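# Fold and geometry: a report
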Amino acid sequence: MTHPAHLHPDRLFPASEPARSVARELYPAVRDLPIVSPHGHTDPAWFAGNARFSTPTALFLTPDHYVLRMLRSRGLSYDALGIPRKDGKSIETDGRAAWRLFASNYHLFAGTPSKTWIDHSLHAVFGITEELSAATADSIYDAIDSQLGTPELLPRAILDRFNVEVITTTEFALDRLPHHHSMEADGYLGRVRTTYRPDDVTNPERAGWIDRIREFAELTGENISTWNGLLNAHRRRREFFRRFGAVATDHGVPTAQTADLAPIEKQALLDRLLTGQYSNEDADLFRAQMMTEMAGLAVEDGLVMQLHAGARRNTDPSLLAERGADLGADIPSRVNYVDGLQPLLARFGNEPNLRLIMFTLDETNYARELAPMAGFWPSLLIGPPWWFHDSPQGIRRYLDQVVETAGFYNLAGFNDDTRALLSIPARHDVWRREVCGFLGRWVGENRLSKSSAEEIARHLSYQAAKDAYRIA
Amino acid sequence: MTHPAHLHPDRLFPASEPARSVARELYPAVRDLPIVSPHGHTDPAWFAGNARFSTPTALFLTPDHYVLRMLRSRGLSYDALGIPRKDGKSIETDGRAAWRLFASNYHLFAGTPSKTWIDHSLHAVFGITEELSAATADSIYDAIDSQLGTPELLPRAILDRFNVEVITTTEFALDRLPHHHSMEADGYLGRVRTTYRPDDVTNPERAGWIDRIREFAELTGENISTWNGLLNAHRRRREFFRRFGAVATDHGVPTAQTADLAPIEKQALLDRLLTGQYSNEDADLFRAQMMTEMAGLAVEDGLVMQLHAGARRNTDPSLLAERGADLGADIPSRVNYVDGLQPLLARFGNEPNLRLIMFTLDETNYARELAPMAGFWPSLLIGPPWWFHDSPQGIRRYLDQVVETAGFYNLAGFNDDTRALLSIPARHDVWRREVCGFLGRWVGENRLSKSSAEEIARHLSYQAAKDAYRIA
Amino acid sequence: MTHPAHLHPDRLFPASEPARSVARELYPAVRDLPIVSPHGHTDPAWFAGNARFSTPTALFLTPDHYVLRMLRSRGLSYDALGIPRKDGKSIETDGRAAWRLFASNYHLFAGTPSKTWIDHSLHAVFGITEELSAATADSIYDAIDSQLGTPELLPRAILDRFNVEVITTTEFALDRLPHHHSMEADGYLGRVRTTYRPDDVTNPERAGWIDRIREFAELTGENISTWNGLLNAHRRRREFFRRFGAVATDHGVPTAQTADLAPIEKQALLDRLLTGQYSNEDADLFRAQMMTEMAGLAVEDGLVMQLHAGARRNTDPSLLAERGADLGADIPSRVNYVDGLQPLLARFGNEPNLRLIMFTLDETNYARELAPMAGFWPSLLIGPPWWFHDSPQGIRRYLDQVVETAGFYNLAGFNDDTRALLSIPARHDVWRREVCGFLGRWVGENRLSKSSAEEIARHLSYQAAKDAYRIA
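Since the model is a prediction, treat every value here as computed from it, not as a measurement. Think of each chain on its own: its residues are numbered from 1, step by step along the sequence as written. Think of it this way: whatever chain is written first is A, whatever ligand is written first is 1, and the rest follow in order. Thresholds applied to this predicted model are a pLDDT of at least 70 for local features of residues and 80 or more for the giving and counting of side-chain atom pairs; totals over whole chains, interfaces and linings are not thresholded and use all residues. Side-chain metrics in this entry use all non-hydrogen atoms of the structure; hydrogen atoms and water are not considered.

## Some remarks on the overall build of chain A
Stated formally: A run of DSSP states H or I qualifies as a helix once it reaches four residues; a run of E qualifies as a strand once it reaches two. Both are numbered from the N-terminal end. Within these notes, the globule rule equals 2.2 Å times the number of residues to the 0.38 power, and the radius of gyration is based on C-alpha atoms. For every residue, the accessible area (1.4 Å probe, protein chains only) is compared with the maximum for its type, and the residue is labelled buried under 20%, exposed over 50%, or partly exposed between those bounds. Should any heavy atoms of two residues lie within 4.5 Å, those residues are counted as being in contact. Neither His nor the chain termini are counted; the positive set is Lys and Arg, and the negative set is Asp and Glu. Where a charge lies is defined by one atom per residue type, namely NZ (Lys), CZ (Arg), CG (Asp) and CD (Glu).
Secondary structure summary: chain A contains 21 helices and eleven strands in total. By the compact-globule yardstick of 23 Å for 472 residues, chain A fits well, its C-alpha radius of gyration being 23 Å. Its C-alpha atoms give chain A principal-axis dimensions of roughly 70 × 60 × 45 Å. Taking all 472 residues of chain A together, the buried fraction comes to 64%. In chain A, of all internal contacts separated by at least 6 residues, the share reaching a separation of at least 24 is 77%. Each charge sign in chain A was given a centre, from 51 positive and 61 negative side chains, and these centres are 1 Å apart.

## Details of the relation of the copies chain B and chain C
To go from the first copy of the chain to the second, apply a rotation about an axis and then a shift along the same axis. The following threshold applies: When the copies are superposed, the least-squares fit takes in the C-alpha atoms of residues with a pLDDT of at least 70 in both.
Mapping chain B onto chain C calls for a rotation angle of 120° and an axial translation of 0.0 Å; the resulting RMSD is 0.0 Å. These values place the two chain copies in the arrangement generated by a three-fold rotation axis. An overlap of only 8% is found between the interface residues of chain B and their copies at the interface of chain C, pointing to separate contact surfaces.

## So, the domain arrangement of chain A
All names here are of chain A. Basically, it comes down to this: Where each domain begins and ends is defined by an automated method or by a domain database. Buried area: the accessible surface (1.4 Å probe) lost by two parts on joining, summed over both. Throughout this description, the term salt bridge denotes a Lys or Arg side-chain nitrogen within 4 Å of a carboxyl oxygen of Asp or Glu. Each polar contact in these results corresponds to two N or O atoms within 3.5 Å; when the atoms are within protein, one needs to be able to donate a hydrogen and the other to accept it, and residues that are neighboring in sequence are counted only if both atoms are side-chain atoms.
In terms of domain boundaries, chain A breaks down into domain 1 (5–50 + 161–468) and domain 2 (52–153). Taken over C-alpha atoms, the centre of domain 1 sits 28 Å from the centre of domain 2. Taken together, the 32 residues of domain 1 in the interface contact 34 residues of domain 2. Approximately 2,800 Å² of surface area, both sides summed, lies buried where domain 1 meets domain 2, with 61% of it carried by carbon and sulfur atoms. Linking domain 1 with domain 2 are three salt bridges. Between D316 and R72 there is a salt bridge, with its nearest N and O atoms 3.2 Å apart. On inspection of domain 1 and its partner domain 2, the count reaches eleven residue pairs in polar contact (both at pLDDT 80 or more).

## With respect to the relation of the copies chain B and chain A
When chain B is fitted onto chain A, the two copies agree to an RMSD of 0.0 Å after a turn of 120° and an axial shift of 0.0 Å. In this assembly the copies use different faces: only 10% of the residues contributing to the interface of chain B also contribute to that of chain A.

## Considering the sheet that holds strand 2 (residues 164–168) of chain B
Residue and element names in this part refer to chain B. The condition that has to hold: Strands were regarded as paired on the criterion that DSSP finds at least two bridges between them. Here an angle of 0 to 180 degrees is reported between the N-to-C directions of two axes, which are lines fitted to C-alpha atoms, with helices fitted over the stretch in contact.
Spatial strand order, 1-2-4: three strands in an open sheet with parallel pairing. Here the strands that pair on one side only, and so sit at the sheet edges, are strand 1 (35–37) and strand 4 (192–193). Sheet analysis places strand 1 next to strand 2, joined by three bridges and oriented parallel. Within the sheet, the bridge partner assigned to S37 lies in strand 2 and is I167. Lying over the sheet, helix 20 (residues 423–444) contacts strand 1 and strand 2, oriented at roughly 105° with respect to strand 1.

## Considerations on the sheet that holds strand 2 (residues 164–168) of chain C
Residue and element names in this part refer to chain C. A sheet is described by the order of its strands in space; here three strands give the open sequence 1-2-4, paired in parallel fashion. Each edge of the open sheet carries a strand with a single partner, namely strand 1 (35–37) and strand 4 (192–193). Inspection of the sheet shows strand 2 paired to strand 4 by two bridges, in the parallel sense. Its bridge partner lying in strand 4, I167 is registered against V192. Of the strands in this sheet, strand 1 and strand 2 touch helix 20 (residues 423–444), which is tilted by about 105° from strand 1.

## Comments concerning unusual backbone geometry
All names here are of chain A. Residue P18 is bonded to the preceding E17 through a cis peptide linkage, with omega at 5°. Tracing the sequence through the fold places P18 in the segment before helix 1 (19–26). One non-glycine residue with positive phi stands out, namely N446, at about 55°. Structurally, N446 is set in the loop between helix 20 (423–444) and helix 21 (450–468). Of note, R470 is a non-glycine position whose phi angle comes to about 55°, a positive value. Within the secondary structure layout, R470 lies in the segment after helix 21.

## Some points on the interface of chain B and chain A
Many structure descriptions define interface size as the accessible area lost when the parts assemble. Contacts between chain B and chain A engage 42 residues on the former and 48 residues on the latter. When the two sides are added together, the surface that chain B and chain A hide from each other amounts to roughly 3,500 Å², 51% of it contributed by carbon and sulfur. At the junction of chain B with chain A, the criterion picks out five salt bridges. One salt bridge in this structure joins R334 of chain A and D362 of chain B, with 3.9 Å as the shortest N-O distance. There are 21 residue pairs in polar contact (both at pLDDT 80 or more) connecting chain B and chain A. Those elements that place two or more of their residues in the side of chain B that touches chain A are helix 17 (337–348), helix 18 (365–374), helix 19 (392–406), helix 20 and helix 21 (450–468) of chain B. Looking at the side of chain B that touches chain A element by element, the count peaks at six residues for helix 19 of chain B.

## Here's the deal with the pattern of salt bridges
All told, the structure shown has 138 salt bridges over all chains when counted by the stated rule. Put simply, K266 of chain B and E293 of chain B hold a salt bridge, and the shortest N to O gap is 2.8 Å. Here E293 of chain B lies in helix 15 (residues 280–301) and K266 of chain B lies in helix 14 (residues 263–275), a separation of 27 residues in the sequence. Accessibility assignment for this pair places K266 of chain B and E293 of chain B in one class, buried. Each of the salt bridges in this network shares a partner with another, and the network as a whole consists of D79, R85, D87, K89, E322 and R323 of chain A.

## Remarks on the packing of helix 17 of chain B against helix 18 of chain B
Residue and element names in this part refer to chain B. Defined as follows: Put simply, angles under 35 degrees are roughly parallel, angles over 145 are roughly antiparallel, angles from 65 to 115 are roughly perpendicular, and the rest are oblique. Put simply, a crossing is left-handed when the front helix is turned counterclockwise from the back one by less than a right angle, and right-handed when it is turned clockwise. For this classification, the nonpolar set comprises Ala, Val, Leu, Ile, Met, Phe, Trp, Tyr, Cys and Pro, the charged set comprises Asp, Glu, Lys and Arg, and every other residue, Gly included, is treated as polar.
Running from N to C, helix 17 and helix 18 cross one another at 20°; their axes reach a closest spacing of 10 Å. Classed by the angle they form, the pair helix 17 and helix 18 counts as roughly parallel. Helix-helix and strand crossings are classified by hand; for helix 17 and helix 18 the assignment is right-handed. Contacts between helix 17 and helix 18 involve Y337, V338, L341 and L345 from the former and N365, E369, L370 and M373 from the latter. Its residues assigned to classes, the contact of helix 17 with helix 18 shows six nonpolar, one polar and one charged.

## Brief notes about the packing of aromatic side chains
Using the following cut-off: Here is the rule: rings of Phe, Tyr and Trp (six-membered ring for Trp) pair when centre to centre is within 6.5 Å. Planes less than 30 degrees apart are stacked, more than 60 are edge-to-face, and the remainder are tilted. Counted as over-ring charges are cases with an Arg CZ or a Lys NZ within 6 Å of the ring centre that also lie within 35 degrees of the ring normal.
Under the defined criterion, the tally for this structure stands at 75 aromatic pairs over all chains. With a centroid separation of 6.3 Å and 70° between ring planes, the pair formed by F240 of chain B and F241 of chain B is classed as edge-to-face. Accessibility expressed as a relative area gives 0% for F241 of chain B, which makes it buried. Note on W209 of chain C and F286 of chain C: the rings are 5.8 Å apart at their centroids and 70° apart in plane angle, and the pair reads as edge-to-face. With W209 of chain C in helix 12 (residues 209–220) and F286 of chain C in helix 15 (residues 280–301), this pair connects stretches of sequence that are 77 residues apart. Judged on exposure class, the residue W209 of chain C and its partner F286 of chain C are both buried. Within the aromatic cluster, the residues linked to one another by ring pairs are F60, W99, F102, Y106, F109, F126 and Y141 of chain A. Over the ring of W117 of chain C we find R427 of chain C, and its NZ or CZ is 3.7 Å from the ring centre.

Below you can see the structure in the form of C-alpha cells.
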C-alpha cells in the first residue's frame, strides 16, 4: 500500500538506515502513551460546557494565528479571512468563503509545521486523506461540518479519543475560574487544570494595570499598597488557583530580567507605580522584581514556575488598533538568561522546593545559556522548543544543542502550548517522532544503546512532563 | 567513467539514499533554467564595451577579495599578489608570478566555496579538468590566456552561454550611468539593468559626503537643504535609474536601524548635518530616517527595496590607508532586525506597493527574526544567504532555519551578489544543487511529496527571483 | 564479535554509507598519532613527582566539575559527593560511598561527552568494559583501585602509554614554577611545559589584586607604578616562563574587549588602580588595555597568545562562599570578537610575529566573527571548540560554521583544556573521530577528494597544533 507523503507512517523519521529502522522500532512504544499537556491555551469553557464546535472555519482557521499570519504575509487580507474588526466595518462572514480562500492557498504551507498539524488532524480526527486545495475545499469542508455535530467530536470526547491524561489551561490572576468551578462540581477537575499567570497584575505596561491592581486588592482583601500586602494577595490567588488544580505558574515576559531589591527599594518602587507617575525603567524593574517574588512564593507553595521570555508583542500597531492582539504580529527578540536570572538564582536557586522551567524564543540561548544553567542549578529545567521553534527542525536544533551539556534528564518533556485543540495530538506526535529520530541517529552512531534510547524516548514522551510539573 | 571529486556530477548532493536519488531526479529540471541575477556588482563597462578580459590573473585573482583575503590570512603579502598600493611603491606586476603564488597555495581553499566556484569556472568556461596547483599553474594559465581572446569569452557571449536572462549592476546615486546609456542606445538595456544604491548620499559617515550632497543638488536641480527637496532629489534619481532598467534600490547599512521622525525633527537633523557640525548619533539617525524615506518612495514608484545589513567595513585601517577598500577586511557584525525595522514597518509595513528584501550577515537573525517577520508582513521577503554565508553549509543553515516559519514562498530566490562574472553560473549552480539536496532530504523523510518538491525547486531556482524583484 | 554501544569501535562515525566507510578508512591513519596538548590544566606536580593517584573517587569524581555539576543539577548534594567545605562542616569522606552515589546516577550522563570520556578511560586505561551503574559500582571501584598502585598508572607512564609528545600546564604570573624547575633538573622539561597566564595581575577585579601587583614588583624588581615598569615586569616573567618551556600565554577574560590608549591615559589609569579608588569601568579598561600590551610583548618574544573569552565565573555566590571556585557554576555569556579585538588588531594585527588564537563560549561567533576574522588577519587562528562545546555535536557545529570561510588551515587543531589527565586521550580521540566523520561526509558528497581528506585529517589531528603553538 502506498501512502500520500503528507500521511506517510514514517514521516519525519530519518531517511537513511540504520537510523530509520531504529526510529521505527522506538516509535510504537511511545506513540500511544497518554498525553500530558502541562502548558497551553485551550479554552476551559470547551471542557466545562462540552458544546460542539461551530464550523470548520471556526475550528481550523479563524483562531489559528500561525495560519492567519502566513496567509496575510502573502497578501491575503484579514477582512477576506473573516477576522473581526473593532470598528465594525464589514468583513467576510461566510465561513465557507474564507475556508475556500485558505484551501486555495494551502500550498503556501508546504514545509511548515502548521501543515503537518492540520494534515494530521484532518486524518486522525475526521478520517480525511485528501490534501487540502482549491479542488478539495468544499468536500473537506462538508466532511468536517457533518461530523462536528456528532458526540465523538465534543471536547471531552476528543480528550478521551486522544488519551489526554491531563491538560492545563492558563488564566490570569483576576480570573474567577468559573469553568474550572463548574468542572470541580461535576468531577472533571484534575484532568483539566488551571495555571496561574499573573501577568495582568505584574506588568505595569499592560493597559489598565492600575485598575486591575485595585481589583486585585478587592478580590483578595489585601492591602496592595504595601509590598507585603501585594505578596499576600498573590498568596491568596495562588491558593485559589491550586484549589482548581494548578500545579504551575506562568510568566510571559519580554526579557528574562529579574531583580532582588532591598525592602525599602521595593516599597518605594511600588509607591511610584501606584501614583501612576513612573518611568519605563520602573516598569521593567517591577516586572523583574516580581519574578523573584514569584520564585519566593514558589518555594513556599511548590507551584512550578514557567518563564516564557522573548516575545516582542504586537509589532504591528495598526493591526492592534484595528483588530486586537494575538493575530500573528508577535516576533521573537534576543534573550539573555544568564544575566537575567542571576538575581533570582543568587537568592533562591538552591532552594529544594523551587522549580523553574525556562522557555525562550532565542535559540542562541540553548547551548550558551540554558543547557549550562540547567546542568548546574537543581532548580532549573529546560522547557521544550517554543512557538516558532516547535517544529521538526526546531526540535532537532534544540536536542542538538541542549542534550550534551544538560543531559536528557534536565529537560521538561513536551508542551504543546496551543489554543488549537485538534493540534494537540499532532504536536505531541511530532515531538515523539522527532525524539525517536534523534535517538535513532545516535544509536546509529553507536552513541547510545538501544535500551537506553527506549528508556529516554518513553521518558521524554510522557514521564518527563509529569515529573517536571509535579503531577502525581 | 570516474570523475575527479572537484567536478563530480553529483557534487554537493546528499551522500546517502534515498535523499541522493531524489536530488538527482530534481536537479535536471532546474540545472538549465535561465539565470536571473537581480543583485550583483559586475562592471557595466564589460557589457557595454564587450571587450576581452585581459589576463587570467586579472580575471580570477586580483579582483576577488574572497581569494585575496584567504591568501593574506596565511601570510602571503598583497604586494606579492599584485594588489596596487596608493603610495605607488613597487608590487608584483607579472601576472603569471602572482598566479603561480595563488596556484601553489590553492590547497588552502579546500572546503571553501571559492574553490567550488573557481573549479566550476575553469571547467565550464575553459574546459579545464585538472586541479589548480603549483604543478599545473603554468599550463592552466596558458589555457585560459589563449582563450581570453576568442569571441566566446567576450562578456556578452558569456551571458549567452550561461543563459543569463537578466543581470543587474549596482550604481551610486550620483553615477551618470554612461554604460547603461550606451546599452540603451544599442538595445542591450533590459538584459542588463542598473540598481539605485544611494549610500553615497544617505550615509554622512562616508568621506566626502557634504560635497556629494551638494553635487546631488546640482545634478537634480533640487534644494536639498529642505527635507522635501532632498526627497525630491531622490525621486528624480530614482526615475532616472528606472529609465535604465532599475527594478530595485539597494542599501548597505551597518545596522538595520530605521527611524520615523516628525517633520520638524527631520529638518533640524538635516540642518545640523549640512553645517558639518554633527555627532555620530546624528549620522546614525539620518541613515535610519533615510531608510524609512526610501520605503516611502518605494511605495510611490514600486522599486523593490533591498537592505544589506551588518557589514563592519574596513576593519583594517592600515590596509585601507595603504590600498583602499574591498580587499577582504569587511567583517560581519550583529544585526537586530526586529527592533531596527520597527519604525519603518509601523509606518509602511502594510502598504501593498512596498516590497523590502532583508539580507543579513548575522545568521542568528534567520529563525529568530527574519522568518517570523517575513511570515507576517506582506511587504517583507527574505533574501538568500549573503556573502560569507553564500556557501553549501550556509545555504543549508538558511533553509533549515527559515522555511518552517516563513514557508518557501516568502523567500526571494537566489542572488549571486558578485563582482566575478565567471562565478555567476557557479554560484547559481551551487544554490540549485543545495535546493535539490534540501528537498531531497525532506522528500526522503516523507515531509514533502516529490511533485511539491519539483514545483518548489523550480520556483526557488528561477521564478522566485523574478517575482521578488518584479521583473516581468 | 559484538561490542557494547559505549565502546563500539565505530562510535561517533556517520551512521550511513558512504560517509561511514570513508571515516573508517581515514581514522586508522590518525588514531595513533602522538598527542600534542598545547593548552590544559593538569597539575605539574603529577609529572614532577610522578606519584600514584590516590583513589578512584579522587581520580574521576572529585576534581571533575563537569561531572559534579550534572549530579548537583539533579539534586545530589556536594556534601554527599565529598566536596570540601570552607567552614569545615562534615562531608562524606568515604570515597567509596561517593563513588556509589556517582555510579548509581550514571544514567544521567547518557548523551554527554563526560560519559564518553569516562567510558573511554575505564576501558583504555583499566581494561573495564562493563558500564558504570549501581550494580557495577563496587567491582569497578575495586578494579581501578587495585591498578592505581602499579607502575603503569603513574603519571609519566600514562603520558608514555598514550603517546603524549608534549603537554602544557597553565600557571599564573606569580607562580614560581617549582615543579617545572624540578623537571628541568631531571630532564623531563620540554615534554611538559608551562604557559604564562597573567590573569592574576591583569585583572583588578580578582580579590587581592593590589597585593599581588606589589608581589609582582618585588618578584621582578621592576617599578610597576609606571606603565613601562609594569610591562617590564611582564617581560621578565615571560622570559622566566619561556625558560620553563612556555610557548604561549593564556588569557581568561569575561569579554573580548581590547583597548589602545595613549600613554598618558594608560598611566592615569594605572595611577587610579594603584590607589584602590577605581570604578568597574576602570577595571574593564585595564584588562582591555593589557590584552593589547600582551600582543605587543608577543610581537617581541614570539609567545603565542590565547584568548579564552566569555565565561561568566562563579554565578552561584553561595557555592563560592561555601566551597570555592571551579565547581561548575561558570556559565557562558555573549562575546563580541569583532568590536572587541578591533583596537588590538588595528595596532598589531599585521605584525608577522603576532599569533593570537581565539576561543569562545558563544557559538554565534563562529560563522559571524571568528571565521571571517581568521580568514583575513594573518595573526589570527581559531581555537577548537572550548569547554561546553568540546563534544561531538559541538565539534560538528564548529566545523560546519568555520571551515567554509576560514578554510582548514586557519584552525589551531585540538586542545583538550582539561584538569582530568585520563580524559586527554579520550578527548583527542573524540576530536579525531569527529574530524574523520566530518571529512567522510564531505567526501561522500564529492566535496573533497579522499587524498585531500587524508591530508587534512592528519593535519588537524597533530601538525596543526604544533604549527599553531610554534612547537618545533
